[in-house]
Number of protein chains: 2
Amino acid sequence: MRCEVVAIGTELLLGQITDTNSSWIGEQLALAGIDSYFQVKVGDNLARIVDCIKQALQRNDAVITCGGLGPTQDDITREAIAEVMGVPMVRDEQIGERIRQMFESRGRTMPANNLRQADVPRGATTIREMPGTAPGLVCPVGDKVIYAVPGVPSEMREMMRGTILPDLQRRAGVTAVIKSRVLRTWGHSESGLAEMLAAHMEALDVSGRATLAFQASGIEGIKVRITAKADSEHLANEIIAHEEGVVRAILGNYVFGIDEQTMELVILTALQRAGMTLAVAETATGGLISQRLSAVRESSQAFRGGVMIASSEAQQRLLGVPPAPHANPETTAALAAAVRAALGADIGLATTAVDDSIRGPGLRPGTVFIGLANATAATAERIQLPGDRERIREFSVISALNLLRHRLLKI
Amino acid sequence: MRCEVVAIGTELLLGQITDTNSSWIGEQLALAGIDSYFQVKVGDNLARIVDCIKQALQRNDAVITCGGLGPTQDDITREAIAEVMGVPMVRDEQIGERIRQMFESRGRTMPANNLRQADVPRGATTIREMPGTAPGLVCPVGDKVIYAVPGVPSEMREMMRGTILPDLQRRAGVTAVIKSRVLRTWGHSESGLAEMLAAHMEALDVSGRATLAFQASGIEGIKVRITAKADSEHLANEIIAHEEGVVRAILGNYVFGIDEQTMELVILTALQRAGMTLAVAETATGGLISQRLSAVRESSQAFRGGVMIASSEAQQRLLGVPPAPHANPETTAALAAAVRAALGADIGLATTAVDDSIRGPGLRPGTVFIGLANATAATAERIQLPGDRERIREFSVISALNLLRHRLLKI
């Protein structure tokens, strides 16, 4: 079963929008066991869209078009598909009514234009999921099929998950259920993790029970994806759960979360469970830690706030810690203790970094100190990070949070 | 002159990497006056890469392949191009020597594999710019041409700017020089700006001196791009400078910067010029303002630091401002004054937001207060922002910075 993605929109060719939809669809197709050999971008030009879809149909069993389903005159994907199918457009009154109601429920009158979205190629069916005013389409062409989804990512994803991926698997005769889970890790290289898992991966190759794949994801760490194919959802889930256990046993505390669990969510959950609160003092990370922690909904119970230090005044006046000539473990530990005390929190976390211009014995750009303080002690660890200023900032954030995570694991 | 981009790499199809290179190249082609109607992604498969390049050559005058020039076995773009050209591969000894020296200068021995990068299709020339170990290629095919660039963005961009775009323009017979400048705006809608500029744009349509185009860019504001085509660089620059003056005169203070000047850079520059310092207290924005300000190099002179308030303890203990039942102008102004005093800064900036759960007279999610304080006064303004929590946070940041910018304009 082969499926090609055709992304439609002149703004994609002009680079005004980066086409992230095709990447996401490509990933989902791979996970569903559907081959995808090409992805194409084309502008809002009827003849060229028709050509792209025809070629994609020739070399594939299915085509997913993405974009061009809006209400304006340059949204012509519907017309292009009708031309490929050799059928006229017909008004779907039910869809028209649904669009009208959507506008009404928001207290607005529907512009007449929007009814264009209810025009579909004859023979096409509309996709059940319809979070916006653009209906998705399933358009049979002989024994092949064209799916049309809007370019709004959330709408596209809902239609992919709810209708298109299951339909593709059914057409492919994939009776097997494919499930996957991502284990998120921090603290080891991809090759290091691969070495730890090598024996188990060889065993999996033989048994065919599941597959493991690595994905380096920058400051999100290295992801280990477990994928299992089984005859039933129950069985697939069972394999995934078993494999998760095995991989966790091998990788230990390198694993910090699964699927959508970010490092900050994991930490806030652990703090809340322990009934503890956190305060942060940031120099190296310039507010990035606060920003990530406060972006988590309902984080305020565990996260009290922080101080962003961009000058010696800030350090001295807000936390009473005397400025040092350059970043060092003692000052960093003192900052963690001071911010903890200032905010009446249980734990204080602090980051400091050696200035770009400093070169000294053991001090060079990328030298970062992470301080941690509780009621009884304040300590600091030193790490050395590669890369430019922005990269060092970002990796300091995740390194600091990871150190805190390890500390919390011991509570 | 038509040019198609072929992005090569299985990881692009699998969604492990989002193809931002094609977007960037598309933008540059448009700016250079080169038409681009299709962009294609294909995996590391020789036959399919050859097919894609052949098709692209048929329907275009030029093709840019991006990726697949590395030293490993799955980097086969060179071989694919040789097949399209119908020529064998030859070793370019000069390039081989250059690669060897690159490794030596980093104190490493070149793996034998890397010499593959010195193999080029016979008849191809290498691109002068070569920041990495992968040489770019210019491969003539009849009166058409294939350019090959590596997938590393910085290497690709250097080759595009230095060799490919000028070569494309030369081939297109574009003797004209095309220059563009972006005016960054905040505070007005795209349609509002278009209305203000309508008469001038009509005049430009007639004169053909330059073109104006809008690009909505989320929290980066709405960009107005001026593009001028002229017989010489000098003349093009003159037109751009003149047009910038005209557009600025029409849009006034909606324009906050040009090209790569971010809002935070503009503010820090203005502060530094005035010899003033800034301190921030963030609740609504959770550290985002601090993060943006501190990300600017050399910002520390003007930016003293800030307080991130995630709890009433933080507000009371660090700044001595009593907590209120919900966000209000008085507390916000008090926070701006308090953080200013606490850090000994000239200006205090504060953000507070109505909690998601609050509904009251004039209070609903998206209600944000922005406080500003100097030595003589502390005030707060109220804004109402649409969207979800994350969007409200981000737009609060830029709105707060923009308010500060307007205040600074009056100094």
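Because the structure is predicted, anything quoted here is derived from the model rather than measured. (Residues numbered from 1 in each chain as written. Chains lettered and ligands numbered in written order. Predicted model: local features only at pLDDT ≥ 70, side-chain atom pairs only at ≥ 80, totals over all residues. Heavy atoms only, no water.)

### Remarks on the packing of aromatic side chains
Residue and element names in this part refer to chain A. The tally for this structure, following the rule as stated, stands at two aromatic pairs over all chains. Centroid distance Trp-186 to Phe-395: 5.7 Å. Interplanar angle 40°. Geometry classified as tilted. Here Phe-395 lies in helix H13 (residues 389-409) and Trp-186 lies in the loop between strand S9 (177-185) and helix H7 (190-207), a separation of 209 residues in the sequence. The pair formed by Trp-186 and Phe-395 is uniform in burial state, with each residue classed as buried. Against the face of Phe-38 rests Arg-59, its NZ or CZ located 3.7 Å from the ring centre. (Phe/Tyr/Trp six-rings, centres within 6.5 Å; stacked < 30°, edge-to-face > 60°. Helix = DSSP H or I, 4+ residues; strand = E, 2+ residues; numbered from the N terminus. Buried < 20%, exposed > 50% of the residue type's maximum accessible area, 1.4 Å probe, protein only. Lys NZ or Arg CZ within 6 Å of the ring centre and 35° of its normal.)

### Overview of the environment of A:Thr65
Residues and elements named next belong to chain A. Positionally, Thr-65 belongs in strand S3 (residues 62-66). When its relative accessible area of 0% is taken as the criterion, Thr-65 is described as buried. Sequence spacing of Thr-65 and Val-40 is 25 residues, and the spatial spacing of their C-alpha atoms is 9.5 Å. Contacts of Thr-65, omitting those with residues within four sequence positions, involve Val-6, Ile-8, Ile-53, Thr-77, Ile-81, Ile-146, Tyr-147, Ala-148 and Val-149. (Contact = heavy atoms within 4.5 Å.)

### Brief notes about the relation of the copies chain A and chain B
Expressed as a screw operation, the relation of chain A to chain B combines 0.4 Å of axial shift with a rotation of 180°, fitting to an RMSD of 0.5 Å. The symmetry that links the two subunits is that of a two-fold axis. A share of 100% of the interface residues of chain A reappears at the interface of chain B, consistent with the copies meeting face to face through the same patch. (Least-squares fit on C-alpha atoms with pLDDT ≥ 70 in both.)

### Considerations on the pairing of strand S14 (residues 303-309) of chain A
The buried fraction of S14(A) is high, at seven of seven residues. Relative to S14(A), strand S13 (residues 278-282) of chain A runs parallel, the two sharing five bridges. Among the inter-strand pairings, A:Val280 is bridged to a residue of S14(A), identified as A:Gly306. Bridge analysis of S14(A) against strand S14 (residues 303-309) of chain B gives five bridges, and the strand direction is antiparallel. Paired with A:Gly306 across the strands is B:Met308, a residue of S14(B). (Pairing = 2+ DSSP bridges.)

### Points about the environment of B:Thr133
As for its placement among the helices and strands, B:Thr133 is situated in the loop between strand S6 (125-126) and strand S7 (137-141). Expressed as a C-alpha distance, the spacing of B:Thr133 and B:Pro71, which sit 62 residues apart in the sequence, is 8.7 Å.

### So, the interface of chain A and chain B
The interface is formed by 58 residues belonging to chain A together with 58 residues belonging to chain B. Buried surface at the junction of chain A and chain B, both sides included, amounts to about 4,700 Å², of which 51% is carbon and sulfur. Taken as a group, A:Leu13, A:Gln39 and A:Lys41 account for 12% of the area that chain A buries against chain B, more than any other trio of residues on that side. Note that A:Glu313 is salt-bridged to B:Arg304, the shortest N-O span being 3.0 Å. The tally of links between chain A and chain B comes to 25 residue pairs in polar contact (both at pLDDT 80 or more). Among the elements that make up the side of chain A that touches chain B, the one with the highest residue count is S14(A) (seven residues). Among the residues forming the side of chain A that touches chain B, the class breakdown is 23 nonpolar, 22 polar and 13 charged. Pairing analysis gives five bridges linking strand S2 (residues 38-42) of chain A to strand S2 (residues 38-42) of chain B, with the strands arranged antiparallel. (Buried area = accessible area lost by both parts, 1.4 Å probe. Salt bridge = Lys/Arg side-chain N within 4 Å of Asp/Glu carboxyl O. Polar contact = N/O pair within 3.5 Å; in protein donor to acceptor, adjacent residues only side chain to side chain. Nonpolar A, V, L, I, M, F, W, Y, C, P; charged D, E, K, R; others polar.)

### Regarding the domain arrangement of chain A
The parts lose accessible area when they come together, and the size of an interface is often stated as this lost area. All names here are of chain A. Looking at the assigned domains, one finds that chain A contains domain 1 (3-172), domain 2 (177-258) and domain 3 (263-409). Its C-alpha centre places domain 2 at a distance of 31 Å from the equivalent point of domain 3. Interface area, domain 2 with domain 3, both sides summed: about 870 Å², of which 63% is carbon and sulfur. Three residues stand out in domain 2 for area buried against domain 3, namely Trp-186, Ile-219 and Phe-256, and they jointly supply 73% of the buried area on that side. Arg-292 serves as the salt-bridge partner of Glu-220, at 3.7 Å between the closest nitrogen and oxygen. Inspection of the domain 2/domain 3 interface yields two residue pairs in polar contact (both at pLDDT 80 or more). Its residues assigned to classes, the side of domain 2 that touches domain 3 comprises five nonpolar, three polar and one charged. (Domains from an automatic or database assignment.)

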